[in-house]
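# Structural characterization, general
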Amino acid sequence: MIAKAVAGFLLLLVLSEAASQTVGGILSVSPSTGSTCGVGSSDCPTDPALDATEIPTEIPVSLETSTSTSTEPASGNDSTTPSVATTAQETITQSPMVTSSKPNKGSSTTRSPPRKLPTTVKQPEGQILGYALSETCACDLMAFSCDINCCCDPDCTNFQHAAFSKCKVEGYPPYDNRYCYASKLVFLNNSEHILEQSQSGAFCIVRSNLAASVLYPSHPVFLSLQDFLRHWDRTHTPVWPELQAAPISVVEKPKPYSAGSPILLIRNSQSETFDLPASRLTAACSVKNAVLYLLPWSSKCMRKAPDGQHECDSVSSYIHYQLQNIVRSPLLVNQTELPSETVELCPENVCAPVTYFICSGSKVEEDYYTNNCKNISSKNVLFGLKNGVCFGVVKRLRLLFHHNGTDGILHIEAFMWLSNISLSDYSVTKPLHQSFSVQFKWARLNKTVGTITKNNTLNSMVEHAPFPRSGNPGYLIGQPVIAAFRVKQKLSANSSKDTSKDSAKLAKHDTIDLSHDPKQWLTLPGSNMNGMCDVTLAQRHIVTFGEDLHMSCGIAVSPRNISSHFSCNALRSRLLQLLLGDIAKSFHNGSFNADWGRIIAAFGSANVSKPQEWVPLLLDSQPPFTLLSEDSMSTIESKISNEDKLSDMSIDHPLQMCENVPLGIQLQLMHGRVGSPSNPQSKIFGAAMRFTPLQDIGWPCTSAACPQKQDALYLRVVSTVKFVDISSPAVTRFAEPPAIHIRLPPDFFYPFMATEGSSGASIHKTSMALVAAFLIPLLFI
Amino acid sequence: MNSSLTYEILLYLNSYYFWMFALCELGVGIFKLVHLPYPFATFITEGIMFAFLCCIEAARIFMGHKGNLTERSYPVMVSLILTIPSSIGVLYFLLWQTYVIRLEVVLCGIQLSLLSFEIIFATVCIVSFYRNRIY
């Protein structure tokens, strides 16, 4: 009985399958007999994914590059024969039912583009995704010849097909994520893959029987110009504007220099832009960069050493020539008649005068005004090639333009580092390093100078000298941290006598001694080329805001330096000098406590007049030693030298140990943002410094095997900087409601009280009582 | 007492399940109409198919009930015969309608399994009625 029922059910299923075939056949519009199987990749007959009727398990999308070689081109005949097409279609339409019983559904895999067999026919399921299968063969680009890997090329024979590695994909299905199994074309390492994505969710489309195709509607060809123009207007596409029939020889009116406009020079009575060599991408001087007015610029590049007339000129005399012919202002070019081509020199009224400074071998670029640079007339300097020697090769050039805004350049200061290179003996392979920098400086007008000198003293003039801020008001990252000294003001009798209010105010607080030289601010010991600590001020590293740092350098200590207590003290002093730089000098008096007067500007604007904007540089702990004054230093040194003589004689019992030697400096700074989040300003909230590590140095040796006097102990001096941002998240604060002070006019109770007088308050009370006495009965009426 | 309790339970369950199924189909139909491109003609076809399925199913369940409770084999036979168009209708929603949503796959699957069980028990019922025929 049951068996019968089961059999009947199976029969029903079979029947339904048959029905499915027929209905499927009816519903699917059989496409024209194109020779492509899988335009839409996922629709090849072997693909089970789309035909799955089971509830798909959710499997995350995975990418698998299929490495399988393409299915061999079938040995079928010409694909376009209709008989083959129909048979193929039948097999395909059956395939869903066959595959529906298979497991392995709902997974998503990537396959390489579908292998199109020349004989396979588009299957109706291609319509499932709602796109039209292309009937074209886009890869057939060479007519009457077999295109490689183009399986739909009718020119290819089966023999040629055998040489193909794959089939180029013809079009892709549009990605539609409404389907449970959508396929998407992805490119992985430039190779095409089709990603089949399985989607979770009950409302995705498992199957679509609607034979809709999405096609672009074709447009009729325009046959009349009217029709064409009417449609053109509909698109609202403007044609290119027609050229105005203007005279060709229109030259723009010269405009005065403004920030960013190229600086002009006159060459062969024609104006050119002033440009300097620069590097792009590589270190070589490959490009010429136009120098722009008022924009500071610098470049460094490397080039081959000059080995000929032309090369020599380009590095020496050409630059000199350029400098001499820089135009003061473009307005002057047309007003004055340019000199004829024969005249080399530019007239004085057009071109800016140049003052030449020849500088010699200074390492520090900042020291322009030191003795290293000499003012020299350009006539005394030889440029160009002469007797096989290239004279005046510009190795470094710093130009300082004194300008006056739109009035143009007043004069130019050129600082040059020159060298003479002999072409013969100079190795060609050795490169020539060039560096250029351009700076601009406002020229002080005589008038303003006059007013300043009238009103202010010389000191205030110094104050008004340009001071590079590290940010206004908050610090900018990478700008030096400004440090100064708090100088205790001593209220002396004579100073308090003749003072205005300002000075009295200043006397209350301590004055702030701020140096304009960043090297006098927070600096750390730098190192020279050998990695040894450099004591000179120029080599010191400036602590910059927001940049953590860990640097070290070496220092050599000879046994003599740690032979006695005095020499140990001297060593400590020397190391402190090294660690602190010039600051160490300023508190030689021995007081080395936390209140040492070193302060740091909380803001980058470093306002000296606001002492509340300065935070003290806290010393972490008082070091277990005292600094020695300079006088005592000298005495110690003399003592050391005396001791040396002594120790030379009696070297048997040296001290061999120095305690608490500061071998490093550690700076900790806490900063944070203040102000509104749209434009936060960085402020330093606190700074601490400590000498660490304090080490006992010496030779771990017995007296017998102690090192020779010549041996030096190499110590490592480590200086670190650490910035911490302690800003808390911004808090919204609303303005407090305005306090309303309701005040009656003074003569409000005129008849009852006196308008003024010292006893006003008491009268006020009595009058109020009177008013109340009148008004309260009124309420009861 | 020849009536099958299992068959009765199945029919009872199926009556509730089918109306739930019908409601869901209606909702899904509205969902598809809103979300997917739908040719009007096919929508009408599906509507008619749906109404037809509802009628058949109602009649089938009613006849099954009636035959089982009255111990008459004739209504059960009718119910068994009506299972064929009913299952074809469900299969239509499972396979051949315009868009098959995953939810429909689940619902139709359950409905089909219920139908198959009912076929078995309806056959059992008919056989037992014939055996113990009361005249």
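As the structure is a prediction and not an experimental result, all values here were calculated from the model.

What counts and what doesn't
- Residues numbered from 1 in each chain as written.
- Chains lettered and ligands numbered in written order.
- Predicted model: local features only at pLDDT ≥ 70, side-chain atom pairs only at ≥ 80, totals over all residues.
- Heavy atoms only, no water.
- Helix = DSSP H or I, 4+ residues; strand = E, 2+ residues; numbered from the N terminus.
- Expected span 1.5 Å × (residues − 1).
- Buried < 20%, exposed > 50% of the residue type's maximum accessible area, 1.4 Å probe, protein only.
- UniProt positions renumbered as here; feature names shortened; annotations may be inferred.
- Contact = heavy atoms within 4.5 Å.
- Pairing = 2+ DSSP bridges.
- Axes fitted to C-alpha atoms, helices over the stretch in contact; angles between N-to-C directions.
- Salt bridge = Lys/Arg side-chain N within 4 Å of Asp/Glu carboxyl O.
- Polar contact = N/O pair within 3.5 Å; in protein donor to acceptor, adjacent residues only side chain to side chain.

### Concerning helix α12 (residues 565-580) of chain A
With 16 residues, α12(A) extends 22 Å from end C-alpha to end C-alpha; this agrees with the ideal 22 Å at 1.5 Å per step. Restricting attention to buried positions, one finds in α12(A) the residues S567(A), C568(A), A570(A), L571(A), R572(A), S573(A), L575(A), L576(A), L578(A), L579(A) and L580(A).

### What to know about the UniProt feature "transmembrane region" (unreviewed entry) in chain B
Residues and elements named next belong to chain B. Per the UniProt record, "transmembrane region" (unreviewed entry) is annotated on residues 12-34, 40-62, 74-95 and 101-130. Between the C-alpha atoms that bound residues 12-34 there is a distance of 34 Å. The span itself is 100% helix and 0% strand. Overall, residues 74-95 shows 100% helix and 0% strand. The separation of its end C-alpha atoms is 32 Å.

### Quick notes on the environment of G686(A)
Residue and element names in this part refer to chain A. Tracing the backbone through its elements, the reader meets G686 in strand β27 (residues 681-691). By relative accessible area, which is 16% here, G686 ends up buried. It is 8.1 Å that separates the C-alpha atoms of G686 and A602, two residues lying 84 residues apart in sequence. Residues in contact with G686, not counting those within four places in the same chain, are Q668, L669 and M670.

### Let's talk about the sheet that holds strand β16 (residues 483-487) of chain A
All names here are of chain A. Overall, mixed pairing links the eight strands, which are arranged β17-β16-β23-β24-β27-β26-β29-β22 in an open sheet. Strands at the two margins of the open sheet, each flanked by one partner only, are β17 (511-513) and β22 (549-557). Sheet twist, expressed as the average angle between the axes of neighbouring strands with direction ignored, equals 30°. With three bridges joining them, β16 and β17 adopt antiparallel strand pairing. By the bridge assignment for β17, R486 is matched with I512.

### Some details on the pattern of salt bridges
Residue and element names in this part refer to chain B. Going through the model one piece at a time under the given rule, you end up with seven salt bridges over all chains. The partner of K32 in a salt bridge is E104, and the shortest N-O contact between them spans 3.1 Å. Remark: E104 occurs in helix α4 (residues 102-131) and K32 occurs in helix α1 (residues 5-35); sequence separation between them is 72 residues. Each member of the pair, K32 as well as E104, is classed as buried. Between E57 and R60 there is a salt bridge; the shortest N-O distance is 2.6 Å. Taken together, the residues E57 and R60, both in helix α2 (residues 40-70) and three residues apart, mark about one turn of the helix. Accessibility expressed as a relative area gives 0% for E57, which makes it buried. The structure contains a network of salt bridges with shared partners spanning E57, R60 and E118.

### Focus on α1(B)
Relative to the 45 Å expected for 31 residues at 1.5 Å per residue, α1(B) spans 44 Å between its end C-alpha atoms, a close match to the ideal helical length. One side-chain oxygen at the N-terminal end of α1(B) lies 3.4 Å from the backbone nitrogen of T6(B); it belongs to S4(B).

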